[in-house]
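Fold and contact review
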There are 4 protein chains.
Amino acid sequence: MKSFASDNYAGVLPEVMDALHAANVAHARSYGADAITARVSAQFREIFSAGAEVFFVFNGTGANVLSISSATQSYNAILCADTSHIYCDESSAPETFTGCRFFPIPANEHGKLTPEAINERLIRKGDVHYAQTAMISITQSTEYGTLYTADEISAIAQLAHAHGLYLHVDGSRFFNAAAALGCSLADISVNAGADILSLGGTKAGMMYGEAVVVFNKGLNKTIAYKHKQVMQLASKTRFIAAQFEAMLANELWRKTATHANNMAQLLYKSLSAHEGVHFTRPVQANALFAEIPRHWYEPLQEHFPFYIWKDNTHEVRLMCAWDTMESDIASFSAAINELSKTAVPA
Amino acid sequence: MKSFASDNYAGVLPEVMDALHAANVAHARSYGADAITARVSAQFREIFSAGAEVFFVFNGTGANVLSISSATQSYNAILCADTSHIYCDESSAPETFTGCRFFPIPANEHGKLTPEAINERLIRKGDVHYAQTAMISITQSTEYGTLYTADEISAIAQLAHAHGLYLHVDGSRFFNAAAALGCSLADISVNAGADILSLGGTKAGMMYGEAVVVFNKGLNKTIAYKHKQVMQLASKTRFIAAQFEAMLANELWRKTATHANNMAQLLYKSLSAHEGVHFTRPVQANALFAEIPRHWYEPLQEHFPFYIWKDNTHEVRLMCAWDTMESDIASFSAAINELSKTAVPA
Amino acid sequence: MKSFASDNYAGVLPEVMDALHAANVAHARSYGADAITARVSAQFREIFSAGAEVFFVFNGTGANVLSISSATQSYNAILCADTSHIYCDESSAPETFTGCRFFPIPANEHGKLTPEAINERLIRKGDVHYAQTAMISITQSTEYGTLYTADEISAIAQLAHAHGLYLHVDGSRFFNAAAALGCSLADISVNAGADILSLGGTKAGMMYGEAVVVFNKGLNKTIAYKHKQVMQLASKTRFIAAQFEAMLANELWRKTATHANNMAQLLYKSLSAHEGVHFTRPVQANALFAEIPRHWYEPLQEHFPFYIWKDNTHEVRLMCAWDTMESDIASFSAAINELSKTAVPA
Amino acid sequence: MKSFASDNYAGVLPEVMDALHAANVAHARSYGADAITARVSAQFREIFSAGAEVFFVFNGTGANVLSISSATQSYNAILCADTSHIYCDESSAPETFTGCRFFPIPANEHGKLTPEAINERLIRKGDVHYAQTAMISITQSTEYGTLYTADEISAIAQLAHAHGLYLHVDGSRFFNAAAALGCSLADISVNAGADILSLGGTKAGMMYGEAVVVFNKGLNKTIAYKHKQVMQLASKTRFIAAQFEAMLANELWRKTATHANNMAQLLYKSLSAHEGVHFTRPVQANALFAEIPRHWYEPLQEHFPFYIWKDNTHEVRLMCAWDTMESDIASFSAAINELSKTAVPA
């Protein structure tokens, strides 16, 4: 099966598999006290900032919950987009583990938060009856496959810091964002004022593993303890570190993420020609959102699984991955061609 | 480095690496909806029982917390050995996630719970002022490397069920236990009355991954939701499932666990000859506990890391793994030989 | 001071003080095992339904958290109005204690939820990535002093039950609602399909104390344990029970709540004459919402404290209590008369 | 009924009832912003220390949970006596709200913690796998009715502070302790090094209400928010404050607590004469512990309820209250006299 359902349907990059092999020698100290983890942590510091601390975790929800828990007491609140993964797709894990309230901020039509929208919720500071906001969380690239520019992130960071809040970036597709923007990883995180980053590896072509990268030293006091407590400390951490080492070496991530982004552009162009396809969001990274006729769902999904985003408007999501090929897109486009010729069922 | 510190210092079995490669083809549905996961789940049902449900998770703490959360409300209590991993080595993750109280039951000198010791805490049922016991958790093999026989587990299960409690088995070294006892995996879990099992993969030679195996259908109502909520649902689940498939194929686990257990016996024999070494627990699986002179710590650990268990009595833990070699044991024994000849420092 | 700030600024009804005296004789079993509690519980069953169970608690947040916790597992979600007390005024207590997600439903202009608005969020049932809705919570009378009719509650209850959800009524001003609607307490709770009710005593003229009344037997399994766990089980419960006994005797609550409601109507009439006062919500119980000139805030609040609801629109809340007097309203109206004559400051 | 079951079976002191009446005039700001609360808070500062902050709460469990939550993150642990109320009688409220682990320290035969016993658990600091101890909690007077001297508290406080830990005193019967020791309230709290105190009012003769008194300014940062979050912020706080004002005026508490303590001594003397009564703990405050023949339970409890502490040894608890009278003791003693004459049932 080749699918447009999610980049987590894809397998593992060959370079990452090689790195796993290379790491599989002899014994290594467990729980991150090994040499590979030390080496890759240093690499993170070079890439992001001299004071950055990295904590390797298993999955994206774990990365987000760890990030949030490092900055909060249980009476705090987090502001996030109403479309965000932490609000829509992580069950109530964030509440259960942190005890905090999550306030949804209406995302704009591109799935992004604006300082204006955030500002509406910066209320009742010091009021004990109201969960006290401690953090703003944004997603890069967003759940709609759109991008915050470095300046947009800066503006939100400045707003956050002016109100004594931390800025978290949920970057499960952060590599796609940096590749699309043609910037460094630091440009849209630490250099733009982010305090902590969930850096995704799995969707980018790793087998498993994400990284929480801490830029604000104020968040370093407790996070090592929470890392274990949130059930995200791997005993054989070396195998997560080794995968990231492969991703970072010669910016492999940029090559593979650029490929996925390019495939999304190609898919966009292929489908734009079709009358039945109406794109609903700008295509900026590796995701596409479009309304298609409902009777196309079944025949299309039989061969090319995808997500139905909003059933009432027939909006679907198509996602390209590191291994999406031009031929996949050609086949998909051909299938739509066929469907376009069939009559709408009565 | 070759160490006796922990079996989680060891790397990954070649058969498991091969399975990871084999699983890395094409796209697969995420979050456990893939074909490999379905196939391996069926394998679990064959091995354990027709009604068993399996949930693949990332690590041991995650497996235990998921197991416990499937059986509890926040006003409940869990009875566990005062030496158990969930009580001593998982931070307060169990409490934070479940809200429950954990009552430590004094383990006997072999690190095991007895029905008599458990019975002492089966008190105040129905008293709203007292956290209501819902579950008993035992470890197989125990933190002291000792084993519960199937009959011993049965006796605890009967006590549990007579009081309306669930029995959980923390089996991070369950393969070592079954190998040492020469029995099937079912014999010391579902057939002995256990309701839920944390089945360890990582320490047995996998890269990452454990399995929560549910035998009691009463625990199946909520566990799929908790699986996600507890941050243990892998997007690329197929790679955990594939590792277990390799472990279960032709009982690979029995071969490798038996090897580790045999190495522990060999180490026991080698060290028994030394006057300075006083074994403190029976050697039944792959762990050894012994008191050694404190001035041996440093020179020994330089080449062969191990855990200092109780500093006041100089009790140390030596752990054998799937890759421990006879030559490792010979080297270690030789090093002790040398140390035996040196005078005790003033 | 006499204020329009909140009905919890008022003191205690003389009949309630008398009941406290009458209850203060000899010893009584603690934690609700006393004779008064038994007697008043029977009274609740007569008033509501033969199967109703009552749990006396200290305050409104406690009542709501207990109600919610009786119906939920930690992966659940609760739907509530975006204007509701549990969403806006109880810190993150609901999340911290239950672990659940709270989804805000946009209230209509009268501060009420409609089946249509609720229906929008009845999504993703069975999806483990999404906190699973277990309960709908409405407020009667609402935070805007408006009322749900029995039929409106019925319609929401039917929607809830059709989706396997519980209906909770936050009734911190439930007496005011029943008095205004001229109905029984049962008419707008158990008879309308509510599963559990937070029945407010404090704002109605008690010193402290609320009651959680359980109608749905399915919620009775765990609530007694949660009652203690949520820190709301009073050792001298008899003194809460006795206060409720006074409130319920000869429907004292109806007399005093009707008075408060009548005072609200009188205040409405008095202020309606003023050009500067623009009422923003219908006045149906004991609360009034109106926009007034901002330069009136300070001189008015000096003598008659009130809440500023929305600073940007100059919307204020005026609340009448059991002890509001016609003369208080006359004085307030006179003060506004004076202010109307003064020029707007430049 | 007059009972020896618990001092929370007793009613309310007349002086406290008078204070409730006196507080019931006009309107007062809610949630502790009223004049009485301000006045009584000042009184607390005079009695304890100039920097003390007081937070009025509803009940003892609330006081303890608030105290603990003010000092902890969710990965922390609290050391407490295995016999303590927070460990044995507060369900799992402490865990559910704080997320922390509670480690039971074996109390000595007098129900007290010693620095030596505590020291055994001051282990694994900085180890992320182990819940990190943040606080020691002791009870004064203890669950066995015994007393810590000021020096004993000092020694524990010094140990705590030397290890960077806070010392909490659970003082649900703190007035009885100070009365029995003939010292000031400050002597055995702030002056002895305690960081935070749960000061009990209910068992001392109030209707409801306890106070959390914070001495260590480091604990003041978050406690106001947690006060609300833990569901312990009363809207009509003035009525709790007023009760404490009555208790503190002219040290009413000392008079009434001394009476209860004296009654305990009288009961001790009366019963010591009986062969069948074997006292098991020193009688130092208002509680007595004794082993009595099991067949006495029923006839005695018919008229004088008491708690069976340890059924296996027939140890019972007898508690004197502010309203215990010499005649109650005479009646009880006479009843035992009668029982002594009856034969043991076959």
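Fair warning: this is a prediction, and the values are worked out from it, not measured in the lab. Throughout, a residue's number is its position along its own chain's written sequence, starting from 1. In the order they appear in the text, chains get letters beginning with A and ligands get numbers beginning with 1. Where totals are concerned, whole chains, interfaces and linings use all residues; where local detail is concerned, this predicted model gives features only for residues with pLDDT of at least 70, and gives and counts side-chain atom pairs only at 80 or more. Heavy atoms throughout the structure, all of them, feed into the side-chain values; hydrogens and water do not.

1. Looking at the pattern of salt bridges
Heads up, the rule is: Whenever a carboxyl oxygen of Asp or Glu lies within 4 Å of a side-chain nitrogen of Lys or Arg, that contact is scored as a salt bridge. Only DSSP runs of H or I with at least four residues qualify as helices, and only runs of E with at least two residues qualify as strands; both kinds are numbered from the N terminus onward. With a 1.4 Å probe rolled over the protein chains alone, any residue whose accessible area is under 20% of its type maximum counts as buried; one over 50% counts as exposed, and the rest are partly exposed.
For the coordinates displayed, the defined rule picks out 40 salt bridges over all chains. Two residues, R101 of chain B and E95 of chain D, come together in a salt bridge whose shortest N-O distance is 2.3 Å. Linking R101 of chain B in strand 3 (residues 101-105) with E95 of chain D in helix 5 (residues 93-98), this pair reaches from one chain into another. A single burial state applies to R101 of chain B and to E95 of chain D, both of which are buried. Salt-bridge contacts for D127 of chain D lead to R124 of chain D; the nearest nitrogen and oxygen are separated by 3.0 Å. Residue class for D127 of chain D comes out partly exposed when judged on its relative accessible area of 23%. What you see here is one network of salt bridges that share partners, running through D89 of chain A together with R124 and D127 of chain C.

2. Description of the interface of chain B and chain C
How we decide: Contacts were defined at the residue level, with two residues in contact if any of their heavy atoms lie within 4.5 Å. Here the buried area means the combined drop in accessible surface, using a 1.4 Å probe, for two parts upon being joined, counting both sides. Identification of polar contacts relies on pairs of N or O atoms within 3.5 Å, with a donor-acceptor requirement for protein atoms, meaning one able to donate a hydrogen and the other able to accept it, and with residues adjacent in sequence counted only if both atoms are side-chain atoms.
At the junction of the two partners, chain B supplies 18 residues and chain C supplies 18 residues. Taking both partners together, chain B and chain C bury about 1,700 Å²; carbon and sulfur atoms supply 59% of that area. Across the chain B-chain C interface, the total number found is zero salt bridges. The interface formed by chain B and chain C holds four residue pairs in polar contact (both at pLDDT 80 or more) in total. Looking at the side of chain B that touches chain C element by element, the count peaks at five residues for helix 9 (residues 223-229) of chain B.

3. Some details on the sheet that holds strand 10 (residues 307-310) of chain C
Residues and elements named next belong to chain C. This is how it is decided: The criterion for strand pairing is that DSSP finds at least two bridges linking the strands in question. Structural elements are reduced to axes, namely lines fitted to C-alpha atoms, with helices fitted over the stretch in contact, and the angle between N-to-C directions of any two is expressed from 0 to 180 degrees.
If you trace the four strands from one edge of the open sheet to the other, you get 8-9-11-10, paired in antiparallel fashion. One side of each edge strand has no neighbouring strand; the edge strands of this open sheet are strand 8 (278-279) and strand 10. For strand 9 (residues 287-291) and strand 11 (residues 315-319), the ladder comprises five bridges, and the chain directions are antiparallel. Paired with A290 across the bridge in strand 11 is V316. Sitting on the sheet, helix 11 (residues 252-272) touches strand 8, strand 9 and strand 11, and the angle it makes with strand 9 is about 20°.

4. Focus on the relation of the copies chain A and chain B
A rotation about some axis, followed by a shift along it, carries one copy of the chain onto the other. Worth spelling out the cut-off: Least squares is used to superpose the copies, and the fit set is the C-alpha atoms of residues whose pLDDT is at least 70 in both copies.
Overlaying chain A on chain B yields an RMSD of 0.0 Å, the required transformation being a rotation through 180° with an accompanying axial translation of 0.0 Å. Here the transformation between the copies is reduced to the relation of a two-fold axis. When C-alpha distances to the rotation axis are compared across chain A, the minimum falls at F97 of chain A, with a value of 3.0 Å. Taken together, the interface assignments show that 100% of the residues at the interface of chain A recur at the interface of chain B, consistent with an identical surface on both copies.

5. Notes on the nonpolar core
We count it as follows: Definition used in this section: a nonpolar core is a set of buried Ala, Val, Leu, Ile, Met, Phe, Trp, Tyr and Cys residues joined via side-chain atoms within 4.5 Å.
Ranked by size, the top nonpolar core spans 192 residues in total, and within it F44 of chain C together with F44 of chain D carry the most contacts. With near-sequence residues (within four places) excluded, F44 of chain D lies in contact with S49, V54, F56, L199, A211, V213, F244 and L248 of chain D. Counting 191 residues, the second-largest nonpolar core is a separate cluster that includes I36, I118 and L147 of chain A together with V54 of chain B.

6. A look at the relation of the copies chain B and chain C
The transformation that overlays chain B on chain C combines an axial shift of 0.1 Å with a rotation of 180°, and the residual RMSD is 0.1 Å. A share of 100% of interface residues in chain B that are also interface residues in chain C marks the association as one of identical surfaces.

7. A look at the packing of helix 1 (residues 14-23) of chain B against helix 10 (residues 238-248) of chain B
Residue and element names in this part refer to chain B. So the rule is basically this: Should an angle fall under 35 degrees it is called roughly parallel, over 145 degrees roughly antiparallel, and 65 to 115 degrees roughly perpendicular, with every other angle called oblique. By the definition used in this description, the sense in which the near helix is turned from the far one sets the handedness, with an anticlockwise turn below a right angle giving left-handed and a clockwise turn giving right-handed. Each residue is assigned to one of three groups, with Ala, Val, Leu, Ile, Met, Phe, Trp, Tyr, Cys and Pro labelled nonpolar, Asp, Glu, Lys and Arg labelled charged, and all others, Gly among them, labelled polar.
Relative orientation of the contacting elements helix 1 and helix 10 amounts to 135°, with a least axis distance of 8 Å. Between helix 1 and helix 10, the angle falls in the class oblique. With respect to the hand of their crossing, helix 1 and helix 10 are arranged in right-handed fashion. Residues E15, V16, A19, L20 and A23 of helix 1 touch helix 10, and the partners they reach there are R238, F239, A242, Q243, A246 and M247. Each residue belonging to the contact of helix 1 with helix 10 can be placed in one class, and the counts come to eight nonpolar, one polar and two charged.

8. Examining the packing of helix 2 (residues 35-47) of chain A against helix 10 (residues 238-248) of chain A
Residues and elements named next belong to chain A. The interhelical angle for the contact between helix 2 and helix 10, taken along N-to-C directions, is 40°, at an axis separation of 8 Å. As summarised for this structure, helix 2 and helix 10 are arranged oblique, according to the angle between their axes. Crossing angle aside, the handedness with which helix 2 passes helix 10 is left-handed. Each of I36, T37, R39, V40, Q43, F44 and I47 in helix 2 lies in contact with helix 10, whose residues at this interface are R238, A241, A242, F244, E245 and L248.

9. Structural notes on helix 2 of chain A
All names here are of chain A. Worth spelling out the cut-off: Residue count minus one, scaled by 1.5 Å, sets the expected span of a helix. Here the arc refers to the set of directions running from the helix axis out to each C-beta atom.
The end-to-end C-alpha distance of helix 2 is 19 Å, a good match for the 18 Å that 13 residues give at a rise of 1.5 Å each. Of the residues making up helix 2, those classed as buried are I36, T37, V40, S41, Q43 and F44. The arc that holds every buried residue of helix 2, seen down its axis, measures 155°, which confines them to one face. With respect to the buried face of helix 2, the exposed residues turned more than 90 degrees away are A35 and E46. A distance of 3.0 Å separates the backbone nitrogen of I36 from a side-chain oxygen at the start of helix 2, and that oxygen is part of D34.

10. Looking at the state of the cysteines
Residue and element names in this part refer to chain A. To keep things clear, this is the line we draw: For this text, the term disulfide refers to a pair of cysteine sulfurs within 2.5 Å.
Applying the stated criterion across every chain yields a total of zero disulfides over all chains. C100 takes part in no disulfide bond, and the closest cysteine sulfur to it belongs to C80, at a distance of 11 Å. Classification of C100 by relative accessible area gives buried; the value is 0%.

11. Here we look at the environment of M207 of chain A
Of note, M207 of chain A is situated in the loop between strand 6 (196-200) and strand 7 (210-214). With 11 residues separating them in the primary sequence, M207 of chain A and I196 of chain A have C-alpha atoms 23 Å apart. With sequence-adjacent residues up to four places away left out, M207 of chain A is seen in contact with V12, V16, M17, L20, T202 and Q243 of chain A together with L20, M207, Y208, K236 and F239 of chain B.

12. Re the sheet that holds strand 6 (residues 196-200) of chain C
Residues and elements named next belong to chain C. Pairing within the open sheet is mixed, and its seven strands lie in the order 1-7-6-5-4-2-3. For this open sheet the edge positions go to strand 1 (53-57) and strand 3 (101-105), each flanked by a neighbour on one side alone. Each strand of the sheet is rotated relative to its neighbour by a mean of 20°, with strand direction disregarded. Relative to strand 3, strand 2 (residues 76-81) runs parallel, the two sharing five bridges. Within strand 3, the residue paired with C80 across the bridge is P104. Along the sheet, helix 3 (residues 60-69) contacts strand 1, strand 2, strand 3, strand 4 (132-139), strand 5 (166-171), strand 6 and strand 7 (210-214); its crossing angle with strand 7, the most-contacted strand, is approximately 20°. Set on the sheet, helix 10 (residues 238-248) makes contact with strand 1, strand 6 and strand 7; between it and strand 1 the angle comes to about 115°.

13. Observations regarding the packing of aromatic side chains
For clarity, the threshold we go by: Any two rings among Phe, Tyr and Trp, with Trp reduced to its six-membered ring, count as a pair given centres within 6.5 Å; such a pair is stacked if its planes are under 30 degrees apart, edge-to-face if over 60, and tilted if neither. Look at NZ for Lys and CZ for Arg. If either is within 6 Å of the ring centre and within 35 degrees of the ring normal, a charge sits over the ring.
If you walk through the whole model with that rule in mind, you get 70 aromatic pairs over all chains. When the ring of F44 of chain C is compared with that of F56 of chain C, the centres are 5.8 Å apart and the planes differ by 75°; the resulting orientation is edge-to-face. One end of the pair, F44 of chain C, is in helix 2 (residues 35-47); the other, F56 of chain C, is in strand 1, with 12 residues separating them in the sequence. Judged on exposure class, the residue F44 of chain C and its partner F56 of chain C are both buried. By way of ring pairs, the aromatic residues F44, F48, F56, F215 and F244 of chain A are connected into one cluster. One cation-aromatic arrangement involves K112 of chain A over Y148 of chain A; the distance from NZ or CZ to the ring centre is 5.6 Å.

14. Things to note about the domain arrangement of chain A
All names here are of chain A. For clarity, the cut-off: Just so you know, the domain bounds were taken from an automatic or database domain assignment.
Structurally, chain A comprises domain 1 (15-251) and domain 2 (252-339). Centre-to-centre separation of domain 1 and domain 2, based on C-alpha positions: 27 Å. Contacts between the two partners involve 27 residues from domain 1 and, on the opposite side, 22 residues from domain 2. Buried surface at the junction of domain 1 and domain 2, both sides included, amounts to about 2,000 Å², of which 53% is carbon and sulfur. When residues of domain 1 are sorted by the area they lose upon contact with domain 2, Y144, N176 and E251 head the list and together hold 33% of the total. One salt bridge connects R254 with E251, and the closest N-O pair in it is separated by 2.7 Å. There are 14 residue pairs in polar contact (both at pLDDT 80 or more) connecting domain 1 and domain 2. If you tally residues by element for the side of domain 1 that touches domain 2, the top one is helix 8 (residues 174-181), at five residues. For the side of domain 1 that touches domain 2, the residue count by class is 13 nonpolar, nine polar and five charged.

15. Examining unusual backbone geometry
Residues and elements named next belong to chain A. That bond from Q140 to S141 is cis: its omega, -15°, falls within 30 degrees of zero. The residue S141 is located in the loop between strand 4 (132-139) and helix 7 (150-162) in this model. Of note, the phi angle at R124 is positive, near 55°, even though the residue is not glycine. Along the polypeptide, R124 turns up in the loop between helix 6 (115-119) and strand 4.

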